[in-house]
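Letter by letter, the chains look like this.
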Amino acid sequence: MKRIFTVITILISISLIGIIFIQISWLRNMIILQEDQVTDKIQQALNIVGDDLRQYKGNYMSLNRTGNPNALMFDDLTSEFLKPVTLGKRFSGAEIDQKIREAFKKVKLEKMNYEFMLATFSPRTDAVARAERISKNFAREFEDSVNNLQRSYPLFAPSGSAAENLAEDEVLSIVALNWKSFAVKSLKYRILTAVIFTIIIITAFYLTVRTMLRQKKLGEIKNDFINNMTHEFKTPIATISLAVDAMKNEKVLQDRTKISYFSSIIKEENQRMNRQVETILKASQLERQEVDLNMQPLHVHKVITDVVENFALQLHEKQGSAELSLQAANDLINADEVHFSNLINNLIDNAVKYSKENVPLKIKLTTTSSDKLLTIRVEDNGIGMSKETIKRVFERFYRAHTGNLHNVKGFGLGLSYVKTMVEGHGGAVRVDSVLGRGSIFIVDFPLYKEKA
Ligand SMILES: Nc1ncnc2c1ncn2[C@@H]1O[C@H](COP(=O)(O)OP(=O)(O)OP(=O)(O)O)[C@@H](O)[C@H]1O
Ligand SMILES: [Mg+2]
């Protein structure tokens, strides 16, 4: 069972890690692909604008051909005069901007920010000669090749055209701003869904493992409980069986005092079993919240003194002592007397049960009161509890393993009873303990309020 559990956990963990890795690499590929696509689209947009502009390249804008064949014979001067107007002169910055915006819209990148420059280009030096139209931040953004993508489109006069050697070469450059994050952003819903589903899977896995662990622990606790119960019942059953056997003996049958001695043992053991059955029944009642509290004004100091007196014999056996420090100025609370004394009884019972073997047991009971609260502290110098135990002592059936080690038996119900009762009275209980040093249980009760 334990094996299967571990195997399942490991298998699921491995496949989870695998799935996460695959998802990450899949996402990464998707981003790269998307980046490529965006690059392509930017190039496409630039091509659209470039192709459009090129149509005007080398055309004479305002000069009409006269049809006079002489007009085709330029000398140097006329050729300078007739030099086709550059695109930069023909189009305003706003017009070029408009063209680029439309092109970006066509390739579905309407939200892309960009800067542009239209410049004359010197083929001899292979460099930009003079910027004609330039957007505001082009120069700055052009430098940033980490975030931005630069693309250029050469605008040379069509070869064979009249103006081939006359028109100045030009170039259109655009800078697409933050294009990578643009690519990632367009994937954000897909990335988000992937992340959300991964988180859901991990959470579900975590919850499953936690539930399985809890179930396992619960199983162990139930097992412990059954073992304890069997043990608790075995002793009286064995004793009764011995007593009955003894009574079958002829000699004993003759002796009335012996008969009454053995039958009193049987009676006692019977009562003991009865008490145990009661405890278990009470626990299941508590679980179903079926307890009626019979609330009355109650003087706490009196109850505590009475309960401690009942422990006199047990304390004497253990060479222990109980010290009472009942300082509360006001010791009147509203409580069910039976349950309240049971609860104090349980705390002292634990202090006696979980004492150290070679050290004389010292129990100290303190009460204090404030405006609204009465506080009872039960302190012992016993074996104390580990952090894990402190966290869980109030759970039903929980018993620290040292409890078994010292062969102290119990059902692990005492403190869960205490907690239920204290809370039923509107109070609170907490514990402070150091392993090997001792424990302190602190119970707060609201003080009795006279009803107006
Ligand atoms: N004063 C204490 N010092 C050290 N350990 C304690 C003390 N009180 C309780 N514990 C630990 O807490 C566990 C739960 O206590 P709880 O009273 O609920 O059950 P129990 O004493 O084992 O059984 P029972 O139902 O008979 O009271 C104990 O088994 C013990 O390990
Ligand atoms: Mg107990």
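What you see is a predicted model; the values in this text were computed from it and never measured. (Residues numbered from 1 in each chain as written. Chains lettered and ligands numbered in written order. Predicted model: local features only at pLDDT ≥ 70, side-chain atom pairs only at ≥ 80, totals over all residues. Heavy atoms only, no water.)

Describing the overall build of the protein
Phase 1 of the analysis: Along the protein, the regular secondary structure elements total 15 helices and eleven strands.
Phase 2 of the analysis: Radius of gyration (C-alpha) of the protein: 47 Å, far over the 22 Å computed for a compact globule of 452 residues.
Phase 3 of the analysis: Looking at the protein as a whole, 36% of its 452 residues are labelled buried.
Phase 4 of the analysis: Expressed as a percentage of contacts within the protein between residues at least 6 apart in sequence, the contacts between residues at least 24 apart total 72%.
Phase 5 of the analysis: Accessible surface computed for the protein: about 28100 Å², of which carbon and sulfur atoms make up 56%.
Phase 6 of the analysis: Treating the 60 positive side-chain charges of the protein as one cloud and the 52 negative ones as another, the clouds have centres 3 Å apart. (Helix = DSSP H or I, 4+ residues; strand = E, 2+ residues; numbered from the N terminus. Rg over C-alpha atoms; globule rule 2.2 N^0.38 Å. Buried < 20%, exposed > 50% of the residue type's maximum accessible area, 1.4 Å probe, protein only. Contact = heavy atoms within 4.5 Å. Areas by Shrake-Rupley, 256 points an atom, 1.4 Å probe, with all protein chains shown as cover. Lys, Arg positive; Asp, Glu negative; His and termini not counted. Charge placed at Lys NZ, Arg CZ, Asp CG, Glu CD.)

As for the pattern of salt bridges
Phase 1 of the analysis: A complete count under the given rule lists twelve salt bridges for this structure.
Phase 2 of the analysis: Between Glu168 and Arg130 there is a salt bridge, and its shortest N-O distance comes to 3.4 Å. Placement of the pair is Glu168 in the loop between β3 (149-155) and β4 (170-176) and Arg130 in strand β2 (residues 127-134), with a sequence separation of 38 residues.
Phase 3 of the analysis: When its relative accessible area of 27% is taken as the criterion, Glu168 is described as partly exposed.
Phase 4 of the analysis: In this structure, the salt-bridge partner of Lys419 is Glu423, at a minimum N-O distance of 3.0 Å. Taken together, the residues span about one helical turn, with Lys419 and Glu423 both in helix α15 (residues 414-424) at a distance of four residues.
Phase 5 of the analysis: For Lys419, a relative accessible area of 28% corresponds to the partly exposed category.
Phase 6 of the analysis: When its relative accessible area of 43% is taken as the criterion, Glu423 is described as partly exposed. (Salt bridge = Lys/Arg side-chain N within 4 Å of Asp/Glu carboxyl O.)

Considerations on the confidence of the model for the protein
Phase 1 of the analysis: Taken over all residues, the pLDDT of the protein has a mean of 86, while the share at 70 or more is 90%.
Phase 2 of the analysis: For residues 61-72, every residue scores under 50 in pLDDT, and the model assigns this stretch six contacts once sequence neighbours within four places are set aside. (pLDDT = per-residue confidence, 0-100.)

So, the site of ligand 1
Phase 1 of the analysis: Residues in contact with ligand 1 amount to 20 residues; listed here are only the nearest, Tyr354, Asp380, Arg399, Leu413 and Leu415.
Phase 2 of the analysis: One of the backbone nitrogen or oxygen atoms of Leu413 is found 2.7 Å away from an oxygen atom of ligand 1.
Phase 3 of the analysis: Here ligand 1 loses 95% of its free accessible area of 590 Å² to cover by the protein chains.
Phase 4 of the analysis: Taken together, the elements giving at least two residues each to the shell around ligand 1 come down to α12 (337-353), α15 and β11 (438-446).
Phase 5 of the analysis: Take the shell around ligand 1: its biggest share by element is three residues, from α12.
Phase 6 of the analysis: A per-class count over the shell around ligand 1 returns eleven nonpolar, six polar and three charged. (Near = heavy atom within 4 Å. Polar contact = N/O pair within 3.5 Å; in protein donor to acceptor, adjacent residues only side chain to side chain. Nonpolar A, V, L, I, M, F, W, Y, C, P; charged D, E, K, R; others polar.)

Details of the environment of Lys180
Phase 1 of the analysis: On the secondary structure map, Lys180 appears in helix α6 (residues 179-185).
Phase 2 of the analysis: Sequence separation between Lys180 and Thr39 is 141 residues; the distance between their C-alpha atoms is 9.1 Å.

A short note on the side chain of Ser122
Phase 1 of the analysis: As for its placement among the helices and strands, Ser122 is situated in strand β1 (residues 114-122).
Phase 2 of the analysis: Apart from residues lying up to four places away in sequence, Ser122 is in contact with Ala127 and Ala129.

Focus on the sheet that holds strand β8 (residues 362-369)
Phase 1 of the analysis: Pairing in this open sheet of five strands is mixed, and the strands run β6-β8-β9-β11-β10 from one edge to the other. Taken across any chain shown, the strands that pair with only one partner, and hence form the sheet edges, are β6 (321-326) and β10 (428-434). Direction aside, the axes of adjacent strands within the sheet are offset by 15 degrees on average.
Phase 2 of the analysis: With seven bridges connecting them, β10 and β11 associate as antiparallel partners. Within β11, the position partnered with Ala428 by the bridge is Asp444. (Pairing = 2+ DSSP bridges. Axes fitted to C-alpha atoms, helices over the stretch in contact; angles between N-to-C directions.)

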